[in-house]
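# What the coordinates show
Spelled out from the first residue to the last, the chains are:
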Amino acid sequence: MDFADSSPAPDHPSQVEFHVTSVAEEYETTCWGCGSHLLLSSYAPIFKCGWCGAITNHNAQKSENKGFQWRRLRDWCFVCALMIFMLFVMCGGVWAVYPVVFSISYYWGIFHSIITVILSVTTTSTFCFAAFQCAGAPPIIPWGSYRVVEKGGLENYTFCHYCSKPKSPRAHHCRSCGMCILDMDHHCPFIGNCVGAANHRSFIAFLISAVISTIYVSIMAAYVEFHILPPLKYRSLGISSAYSGGSALRTVKEIIFAFLRSAEFRSARGFVLAYLFVSSVSVEIGLSVLLWQQLCYIYEGSTYLSHLSSQGSDSVAKRDCQNIVRFFGCPISVLRYLPRFQTYRKKHKK
């Protein structure tokens with residue numbers, strides 16, 4: 001708003017001077033965190049409260065959470081399918097593998113039975129912890145009134161319009177779960193849950209156990225398959241003549257055709273073993289890639305979502321093996337007991 005301000009009257013009327021003074025209009029708003037009334041020099045859609053530290057964003061709007069029920073139904077279908085697959089692998093593997101293993105050696109069968117029980121219990125328990133445990137709800141923090149909020153008590157907090165409560169800078173709202181998740185990595189439909197601060201270790205343990213289990217299943221399925229497989233009949237080429245002639249490709253094709261021709265003589269146990277081998281190898285490859293990706297993020301001290309948000313920024317994550325040690329809950333540094341390695345690290349940093 002502009003005001004005209006006149007100077008004292010001069011001796012001559014023509015010597016009158018006018019000075020224009022500009023006064024900025026103040027914008028009054030309210031902090032959602034502590035309820036304080038704030039006066040801003042101009043309208044700002046995003047501002048930070050000087051008392052509680054909460055960030056207010058007037059541009060953030062709540063969008064409709066369409067398809068929430070369908071996403072929950074999709075997650076439960078994936079969870080049921082995965083549990084049925086795990087149950088089939090365990091029961092089908094025991095039915096198809098262990099009669100043959102016990103026929104070869106009784107003690108060999110006892111040894112593999114113990115391994116099977118350990119892997120089955122470990123994989124099932126870690127899956128249940130990852131799927132049915134809360135992924136990490138943010139702690140309840142007082143807000144809304146100046147009397148209950150301490151100075152800096154909501155530092156860098158924002159307001160979640162979906163949950164209608166404060167959202168920590170470490171939290172992210174998942175529209176599939178319908179809640180904010182602390183240190184959210186991603187939403188996994190195969191466990192029907194988010195991977196966050198509370199179940200991230202269980203999820204990694206499930207991946208490790210599942211990878212080891214699929215490797216074991218594929219090895220045992222191939223081992224028993226070759227014991228019960230009828231002798232392959234080659235039509236045009238023997239193995240020895242193929243290697244002597246150098247025709248490796250022709251040999252492979254002949255083995256594949258002989259393997260397919262022997263399918264008509266297979267029993268139900270042979271088909272189950274073939275399915276277990278193919279499915280376990282496929283799942284093993286996919287889970288190994290996912291596990292490697294997760295361990296890389298843990299090594300960098302970040303999550304999948306924080307990795308995406310940091311792309312294009314100048315911030316560099318601190319990569320250290322101690323991030324993996326801290327992630328699995330070991331508060332004491334293992335490297336402090338290795339003086340040679342500590343000396344090497346100090347020289348390397350210098």
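Residues numbered from 1 in each chain as written. Predicted model: local features only at pLDDT ≥ 70, side-chain atom pairs only at ≥ 80, totals over all residues. Heavy atoms only, no water.

Cut-off, in case you're wondering: UniProt positions are given in the numbering used here, feature names are shortened, and annotations may be inferred rather than shown by experiment.
You'll find the protein entered in an unreviewed UniProt entry as S-acyltransferase, with Actinidia chinensis var. chinensis given as the organism. Quoted verbatim from the Sequence similarities (unreviewed entry) field of UniProt, the annotation for the protein is "Belongs to the DHHC palmitoyltransferase family." Recorded in UniProt under Catalytic activity (unreviewed entry), the annotation for the protein is "L-cysteinyl-[protein] + hexadecanoyl-CoA = S-hexadecanoyl-L-cysteinyl-[protein] + CoA".

### Looking at the UniProt feature "transmembrane region" (unreviewed entry) in the protein
For the record, the criterion: Working definition: helices are DSSP H or I runs of at least four residues, strands are E runs of at least two. Numbering for both runs from the N terminus.
When the UniProt feature table is mapped onto this chain numbering, "transmembrane region" (unreviewed entry) sits at residues 76-98, 110-132, 203-224 and 272-292. Counted over residues 203-224, helix gives 100% and strand 0%. Its end C-alpha atoms are 31 Å apart. Regarding residues 272-292, the helix share stands at 100% and the strand share at 0%, and the terminal C-alpha atoms are separated by 30 Å.

### Structural notes on the pattern of salt bridges
Stated precisely, the cut-off is as follows: What counts as a salt bridge is simple: a side-chain nitrogen of Lys or Arg found within 4 Å of a carboxyl oxygen of Asp or Glu. Buried, partly exposed and exposed residues are distinguished by accessible area as a fraction of the type maximum, computed with a 1.4 Å probe on protein chains only: under 20%, between the cut-offs, and over 50%, respectively.
Within this structure, the stated rule accounts for four salt bridges. Put simply, Arg72 and Asp75 hold a salt bridge, and the shortest N to O gap is 3.7 Å. Here Asp75 and Arg72 lie together in helix α1 (residues 68-104), a separation of three residues that amounts to about one turn. Residue Asp75 is classed as buried on the basis of its relative accessible area of 1%. Here Arg170 and Asp183 are joined by a salt bridge, their closest N and O atoms 2.4 Å apart. Taken together, the residues span a long stretch of sequence, with Arg170 in the loop between β8 (165-167) and β9 (171-174) and Asp183 in the loop between β10 (179-182) and β11 (186-188) at a distance of 13 residues.

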